[in-house]
Amino acid sequence: MLEIKFVRQNLAAVEAALSRRGQSTGLAAFKDLDARHRSTLQEIEALRHRRNVVSDDIARLRKAGTPAEPLMEEMRAVSARIKELEKAQSDTQEALSAMLMAIPNLPHPSVPEGKDSSDNPVVKTHGTPPRFDFEPKAHWDIGAALQILDFERATRITGARFPLYFGAGAQLERALINFMLDVHTREHGYQEVLPPFVVNRASMTATGQLPKFEQDLFKLEQWDYFLIPTAEVPVTNIHRAEILDESRLPLRYTAYTPCFRSEAGSYGKDTRGLIRQHQFNKVELVNFCTPETSYAQLETLLSNAESILAKLDLPYRVVLLCTGDMGFAAAKTYDIEVWMPAQGVYREISSCSNFEEFQARRAEIRFRRKGKKGTELVHTLNGSGLAVGRTLAAILENGQRADGSVEIPEALRAYMGGLKEINP
RNA sequence: GGAGAGAUGGCCGAGUAGGUCGAAGGCGCUCGCCUGCUAAGCGAGUAUACUCCGAAAGGGGUAUCCCGGGUUCGAAUCCCGGUCUCUCCGCCA
């Protein structure tokens, strides 16, 4: 959420920035609504002041034994008027906040203008795609042949787009989770957390999934609770409504969770394999820091996520998302894309974003500087480190051999009981 | 699922025959003094948000004692609803 004062004072700039995102702003009514809200507020507050003063007078009169009926009579009218104004005020307030909640974050100046993913510049390429002297297979075919992935049976258990792993596949997924958590905690200094996988509406609102994107979420029947689409939600909300001490920043967490996404509107896309599932595993990195350090932290976060791919010897590249491709809450986002040989493309495997104050304002996560009065909002960042299912898919495709076996990256072998390859 | 208790400032914790309570006291923290060696003592200060005035420094106002309603001239204090926490019973990995 943007600050209402900022929107008020920079309405034209906000609209311009939003049009860079390819959004129609719908801010036409803002100015009027905001003005009405503030003038009514002043009126209400003046009346309340009058009431407070007179109430004290009444108390004094009564103590002195003087009748106060006339004043009480007057205050009856004042209170009725206040109630009337408050009712009107709550309507404008609601409209105003709905409007604010619907405004996406402003892109950072370093974010290139563009309309979709084809406009994202590649900022880095790492490793070389492997060369095969045979036609590389897609990971779903490899997985099926090795009997470690079984999407057909998964549909029996649940429905389309749920994964089912067996044997070395299940073990590999688990190995990846442990490997990623170990690297981030031991080498990068993150604190591991294991949060709830189900969260309430306030948490979803704080990180920006609600109110706009409810259709993308799985909602529990009978409860106003949701399955998390990413660990970002529960982990960012750890500190909701807190005022942190500056000395604790940056606060960095890593968390493994399953993620649940309804993938509304994605029918027909990536219908096969592990790329787009309703449930998948992810290790997430979350960072709370001071405003002046957040862009340096973003670079660190990105390199922390990249290091996993580097250690696994998977070729990847980093792209900078353009204005039209960024998520709702982000000010700047890098995507890491891993090489998928069967399709011959780089596929997103991590998304690392700086949200600046956007989430912190909704979540009321502030900090106090040493020796300074007042509070400031923290900046929040997060990134996948990494999406586990997609990493497994990349390992299968990049490590495949002509005989149908798959080589396990060296860094993972210790997590696989020394296993070097998965054989049919 | 059944029965009961409770939710006050960074923390602990007073405060109910409704008014002078944004809220005692303690702890913590900040600044100063004293003292001098890693202690104690003394003094002062120490919530958040919104809004108005002001170039600023700063000042005024409103709201907030879990949340939402209600009663009342006036509510931290009374009434209703909700949420959460704790205890006991039941059930359960």
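Because the structure is predicted, anything quoted here is derived from the model rather than measured. (Residues numbered from 1 in each chain as written. Chains lettered and ligands numbered in written order. Predicted model: local features only at pLDDT ≥ 70, side-chain atom pairs only at ≥ 80, totals over all residues. Heavy atoms only, no water.)

Draft legend 1. Broad picture of the overall build of chain A. Tallying secondary structure elements over chain A gives 13 helices and 15 strands in all. Dimensions of chain A, computed from the C-alpha atoms along their principal axes, are close to 100 × 45 × 40 Å. Among the 424 residues that make up chain A, the fraction classed as buried is 49%. Taking as baseline every contact in chain A between residues at least 6 positions apart, the subset at least 24 positions apart corresponds to 74%. Counting every atom, chain A has about 20,300 Å² of accessible surface; 50% of that belongs to carbon and sulfur. Considering chain A, the positive charge centre built from 53 side chains and the negative charge centre built from 55 side chains are found 4 Å apart. (Helix = DSSP H or I, 4+ residues; strand = E, 2+ residues; numbered from the N terminus. Buried < 20%, exposed > 50% of the residue type's maximum accessible area, 1.4 Å probe, protein only. Contact = heavy atoms within 4.5 Å. Areas by Shrake-Rupley, 256 points an atom, 1.4 Å probe, with all protein chains shown as cover. Lys, Arg positive; Asp, Glu negative; His and termini not counted. Charge placed at Lys NZ, Arg CZ, Asp CG, Glu CD.)

Draft legend 2. Structural detail: the protein's contact with RNA strand B. Within the structure, RNA strand B sits among 25 residues, and His-49, Lys-63, Arg-76, Ser-79 and Arg-368 are positioned closest to it. The contact atoms of RNA strand B, taken as those within 4 Å of the protein, divide so that sugar and phosphate hold 72%. Contact between RNA strand B and Lys-63: a base oxygen at 2.6 Å from a side-chain N or O atom of the residue. Here a phosphate oxygen of RNA strand B sits 3.2 Å away from a polar atom, N or O, in the side chain of Lys-83. (Near = heavy atom within 4 Å. Polar contact = N/O pair within 3.5 Å; in protein donor to acceptor, adjacent residues only side chain to side chain.)

Draft legend 3. Local environment of a nonpolar patch on the surface. Together, Val-198, Trp-223 and Tyr-225 make up a nonpolar patch on the protein surface, roughly 290 Å² of accessible area in all. Assignment of secondary structure puts Tyr-225 in strand 4 (residues 225–227). (Patch = residues over 30% accessible without salt bridge, like charges linked within 9 Å, V, L, I, M, F, W, Y side chains within 5 Å. Salt bridge = Lys/Arg side-chain N within 4 Å of Asp/Glu carboxyl O.)

Draft legend 4. Quick peek at unusual backbone geometry. Of the consecutive residues Leu-249 and Pro-250, the connecting peptide bond is found in the cis state with omega at -5°. In this structure, Pro-250 sits in the loop between strand 5 (243–245) and strand 6 (251–260). The peptide bond linking Gly-385 to Leu-386 adopts the cis configuration, its omega dihedral lying at 10°. Here the phi dihedral of Glu-356 falls at roughly 50°; this positive angle occurs in a residue that is not glycine. By the element assignment, Glu-356 lies in strand 10 (residues 345–356).

Draft legend 5. Up close: the nonpolar core. Ranked by size, the top nonpolar core spans 54 residues in total, and within it Leu-172, Leu-176, Met-180, Leu-309, Leu-312, Ile-336 and Leu-412 carry the most contacts. The element contributing the most residues to this core is helix 7 (residues 167–187), with nine residues. Once residues lying within four places of it in the same chain are set aside, the contact partners of Leu-312 are Leu-176, Phe-179, Thr-391, Ile-395, Pro-409 and Leu-412. Residues Leu-11, Leu-18, Leu-27 and Phe-30 belong to the second largest nonpolar core, which totals 25 residues. (Core = buried A, V, L, I, M, F, W, Y, C linked by side-chain atoms within 4.5 Å.)

Draft legend 6. Representation of the packing of helix 3 (residues 30–64) against helix 4 (residues 69–101). Taken N-terminus to C-terminus, the directions of helix 3 and helix 4 make an angle of 150°; their axes are 8 Å apart at the nearest point. It follows from the interaxial angle that helix 3 and helix 4 lie roughly antiparallel. Remark: the crossing between helix 3 and helix 4 carries left-handed chirality. Here the residues of the contact of helix 3 with helix 4 are counted per class, giving 18 nonpolar, six polar and 10 charged. (Axes fitted to C-alpha atoms, helices over the stretch in contact; angles between N-to-C directions. Parallel < 35°, antiparallel > 145°, perpendicular 65-115°, else oblique. Left-handed = near helix turned anticlockwise from the far one by under 90°. Nonpolar A, V, L, I, M, F, W, Y, C, P; charged D, E, K, R; others polar.)

Draft legend 7. Representation of the sheet that holds strand 11 (residues 366–368) in the model. A sheet is described by the order of its strands in space; here three strands give the open sequence 5-11-12, paired in mixed fashion. Of all the strands in the sheet, just strand 5 and strand 12 (376–377) have a single pairing partner and so form its edges. Across three bridges, strand 5 lies against strand 11 in parallel orientation. Looking at the pairing, Leu-244 lines up with Phe-367 of strand 11. (Pairing = 2+ DSSP bridges.)

Draft legend 8. Region of the structure containing the pattern of salt bridges. Within this structure, the stated rule accounts for 29 salt bridges. Across the pair Arg-8 and Asp-34 runs a salt bridge, and its minimum N-O distance is 2.7 Å. Taken together, the residues span a long stretch of sequence, with Arg-8 in helix 1 (residues 4–9) and Asp-34 in helix 3 at a distance of 26 residues. Looking at Arg-8, the relative accessible area reads 28%, which means it is partly exposed. Glu-284 is the salt-bridge partner of Lys-282, the closest N and O atoms lying 2.7 Å from each other. Neither residue differs from the other here; Lys-282 and Glu-284 are each classed as buried. Members of the salt-bridge network, linked through shared partners, are Arg-201, Glu-214, Lys-219 and Asp-224.

Draft legend 9. Geometry of the packing of aromatic side chains. Applying the stated criterion to the full structure yields seven aromatic pairs. On the basis of an interplanar angle of 85° and a centroid distance of 6.1 Å, the ring pair of Tyr-253 and Phe-288 is categorised as edge-to-face. Taken as a pair, Tyr-253 in strand 6 and Phe-288 in strand 7 (residues 279–289) lie far apart in primary sequence, 35 residues in all. Phe-288 shares its class with Tyr-253; the two are buried. The rings of Phe-213, Phe-328 and Phe-358 are connected pair by pair, giving a single aromatic cluster. We note Arg-252 situated over the ring of Tyr-190; from NZ or CZ to the ring centre the distance is 4.4 Å. (Phe/Tyr/Trp six-rings, centres within 6.5 Å; stacked < 30°, edge-to-face > 60°. Lys NZ or Arg CZ within 6 Å of the ring centre and 35° of its normal.)

Read these as layout, nothing more, since geometry by itself doesn't imply function.
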